[in-house]
Amino acid sequence: MMQSLTFLFLFLFLAVTLSNIYAFAPSKIQQVRSHRVPLFQQKASHHDDEYVMDNSSSSSSSSSSSSNNSITSTRRESIVRSLTTAASSMTSLGLIMSASGIITTNIQPANAEEGSAADSTKLIEFTVDNLDGIPGKTGKIVMKLRPDWAPIGAERFAKLTEIGFWDDARAFRVLPGFIVQFGINGDPTKQALWRKSIMDDPVKVGNKRGTVTFATAGPNTRTTQIFINTGDNVFLDKQGFSPIGEIVEGMDIVDKFYSGYGEGGPRGNGPNQGLIQAKGNEYLTKSYPKLSYFTSAKFI
């Protein structure tokens, strides 16, 4: 009797799975992917570059593709409905099998927080030099890491802090009222050890002034580059930028990071990310000596 029930439930599971695979026909998936490609190219023309675009830059792309938005939205809604149906069917199947004694499960709410993430908020103190481009002009900022917002990103940031990754790292892209971007180590050999990207976290809070977020080159491409929002950039939320923490002390210091070089190359006259990756601080100290930088970063 038990073997018959097992066979029946396995048959139902396969039927549900196959029906939802059919909903994700290759042509439909390809259509969604092809629609998203221009956005990634706009964010970064080089695979090493990790950018977050301001609202004015992204608006031109969105207006040029407005004629396709309703079609793409319909496709996305269809895919979401298929996913929802699959998830619902599989959940029901699991509950039935559990009730029948075929399997035992420990079901928890989808939004349940892990204990370690909820309890591991930490404070990190950064000491900054070259404020306003003046050697010896220093200040301190304190960041509160928020794994309850973004556990994957917060874990990566904590690991980088523990090994001293931020020490002597330059804020190479400073756009007043928008962001301060940093996170390429001054030693190319050390930077190369952290090229493996991490998965994205869902966006739980907005990119408001003072929040700290990973820069990306597209979905699931976060590595080491970080930006501090110096303006209310909530338009970034829909682009998938998930804050991992917030500055709780010293935003006045953040506003003093040297910004005279403007946008990074090749878009502007500022540092080129590819050259930073290849040459590190040897390139930056020679060509962009006024950049503000971290002398230390530690948990407090």
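Because the structure is predicted, anything quoted here is derived from the model rather than measured.

**Overview of the overall build of the protein**
Reasoning step 1: Helix and strand content of the protein: 10 helices and 10 strands.
Reasoning step 2: In the protein, buried positions account for 40% of the 300 residues.
Reasoning step 3: Taking contacts inside the protein between residues at least 6 apart in sequence as the whole, the part at least 24 apart equals 71%.
Reasoning step 4: Counting only carbon and sulfur atoms, one obtains 57% of the accessible surface of the protein, whose full area is about 15,700 Å².

**Re the pattern of salt bridges**
Two side chains of opposite charge can pair, provided their charged atoms sit close to one another.
Reasoning step 1: Going through the model one piece at a time under the given rule, you end up with 10 salt bridges.
Reasoning step 2: Lys140 is the salt-bridge partner of Glu125, the closest N and O atoms lying 4.0 Å from each other. Here the residue Glu125 occupies a position in strand S1 (residues 122–129), and Lys140 occupies one in strand S2 (residues 139–145), the gap between them amounting to 15 residues.
Reasoning step 3: Salt-bridge contacts for Asp168 lead to Arg170; the nearest nitrogen and oxygen are separated by 2.9 Å.
Reasoning step 4: You can call Arg170 buried: its relative accessible area is 10%.
Reasoning step 5: Linked through salt bridges whose partners overlap, the residues forming this network are Arg146, Asp148 and Glu246.

**Considerations on the sheet that holds strand S4 (residues 179–182)**
Reasoning step 1: Taken in spatial order, the eight strands of this open sheet run S3-S4-S6-S5-S7-S2-S1-S10, and their pairing is antiparallel. One side of each edge strand has no neighbouring strand; the edge strands of this open sheet are strand S3 (173–175) and strand S10 (293–299). Here the average twist between neighbouring strands, direction ignored, is 25 degrees.
Reasoning step 2: Judged from the three bridges that link them, strand S5 (residues 211–214) and strand S7 (residues 243–249) form a sheet pairing that is antiparallel. When the sheet's bridge partners are listed, Thr211 is paired in S7 with Glu246.

**As for the environment of Met251**
Reasoning step 1: With respect to the helices and strands, Met251 occurs in helix H8 (residues 251–254).
Reasoning step 2: When the C-alpha positions of Met251 and Met143 are compared, they lie 9.9 Å apart, and in sequence the two are 108 residues distant.

**Examining a nonpolar patch on the surface**
Reasoning step 1: The grouping of Leu123, Val248 and Ile300 at the surface amounts to a nonpolar patch, some 240 Å² of accessible area in total.
Reasoning step 2: Looking at the secondary structure, you find Leu123 in strand S1.
Reasoning step 3: A residue is classified by how much of its surface remains accessible, and Leu123, at 33% relative accessible area, is partly exposed.

**As for the side chain of Thr224**
Reasoning step 1: Along the polypeptide, Thr224 turns up in the loop between S5 and strand S6 (226–229).
Reasoning step 2: When its relative accessible area of 0% is taken as the criterion, Thr224 is described as buried.
Reasoning step 3: In terms of polar contacts, Thr224 uses its side chain to reach the side chain of Gln191, at 3.1 Å.
Reasoning step 4: Sequence-distant contacts of Thr224, that is, excluding residues within four places in its chain, are made with Leu160, Phe165, Trp166, Phe182, Gly183, Gln191, Trp194 and Phe214.

**A word on the confidence of the model for the protein**
Reasoning step 1: In this model, the protein carries a mean pLDDT of 75, and residues with pLDDT of at least 70 account for 60%.
Reasoning step 2: Every residue in residues 20–47 is under pLDDT 50, and counting partners more than four places away or in other chains gives 40 contacts.
Reasoning step 3: pLDDT under 50 marks residues 58–119. Its contacts with residues more than four places away, or in other chains, come to 42 contacts.

**Notes on the pairing of S7**
Two faces belong to every sheet, and in a regular strand the side chains alternate between them.
Reasoning step 1: Sheet topology note: the S2/S7 ladder contains four bridges and is antiparallel. Its bridge partner being in S7, Leu145 is matched across the sheet by Gly245.

**Comments concerning unusual backbone geometry**
Reasoning step 1: A cis amide bond links Gly265 with the next residue in sequence, Pro266, at an omega value of 5 degrees.
Reasoning step 2: Relative to the helices and strands, Pro266 resides in the loop between strand S8 (264–265) and strand S9 (270–272).
Reasoning step 3: Phi at Asn220 is positive, roughly 60 degrees, even though this residue is not glycine.

**Considering the packing of aromatic side chains**
Reasoning step 1: Scanning all chains against the criterion turns up 12 aromatic pairs.
Reasoning step 2: Between Phe227 and Phe241, the ring centres sit 5.8 Å apart and the planes meet at 75 degrees, which makes this aromatic pair edge-to-face. Of this pair, Phe227 sits in strand S6 while Phe241 sits in the loop between S6 and S7, and the two are 14 residues apart along the sequence.
Reasoning step 3: Relative accessible area serves as the criterion here: at 0%, Phe227 is assigned to the buried category.
Reasoning step 4: Phe241 gets classed as buried once you look at its relative accessible area, which sits at 1%.

**Section: helix H6 (residues 151–162)**
Reasoning step 1: Spanning 12 residues, H6 covers 16 Å between terminal C-alpha atoms, matching the ideal 16 Å at 1.5 Å per step.
Reasoning step 2: When we look at burial in H6, the residues that qualify are Gly153, Ala154, Arg156, Phe157, Ala158, Leu160 and Thr161.
Reasoning step 3: Lining the buried residues of H6 we find S1, S2, S5, S6, S7 and S10.
Reasoning step 4: One or two residues past the end of H6 sits Gly164, with phi positive at roughly 75 degrees.

Rules behind the numbers
- Residues numbered from 1 in each chain as written.
- Predicted model: local features only at pLDDT ≥ 70, side-chain atom pairs only at ≥ 80, totals over all residues.
- Heavy atoms only, no water.
- Helix = DSSP H or I, 4+ residues; strand = E, 2+ residues; numbered from the N terminus.
- Buried < 20%, exposed > 50% of the residue type's maximum accessible area, 1.4 Å probe, protein only.
- Contact = heavy atoms within 4.5 Å.
- Areas by Shrake-Rupley, 256 points an atom, 1.4 Å probe, with all protein chains shown as cover.
- Salt bridge = Lys/Arg side-chain N within 4 Å of Asp/Glu carboxyl O.
- Pairing = 2+ DSSP bridges.
- Axes fitted to C-alpha atoms, helices over the stretch in contact; angles between N-to-C directions.
- Patch = residues over 30% accessible without salt bridge, like charges linked within 9 Å, V, L, I, M, F, W, Y side chains within 5 Å.
- Polar contact = N/O pair within 3.5 Å; in protein donor to acceptor, adjacent residues only side chain to side chain.
- pLDDT = per-residue confidence, 0-100.
- Phe/Tyr/Trp six-rings, centres within 6.5 Å; stacked < 30°, edge-to-face > 60°.
- Expected span 1.5 Å × (residues − 1).

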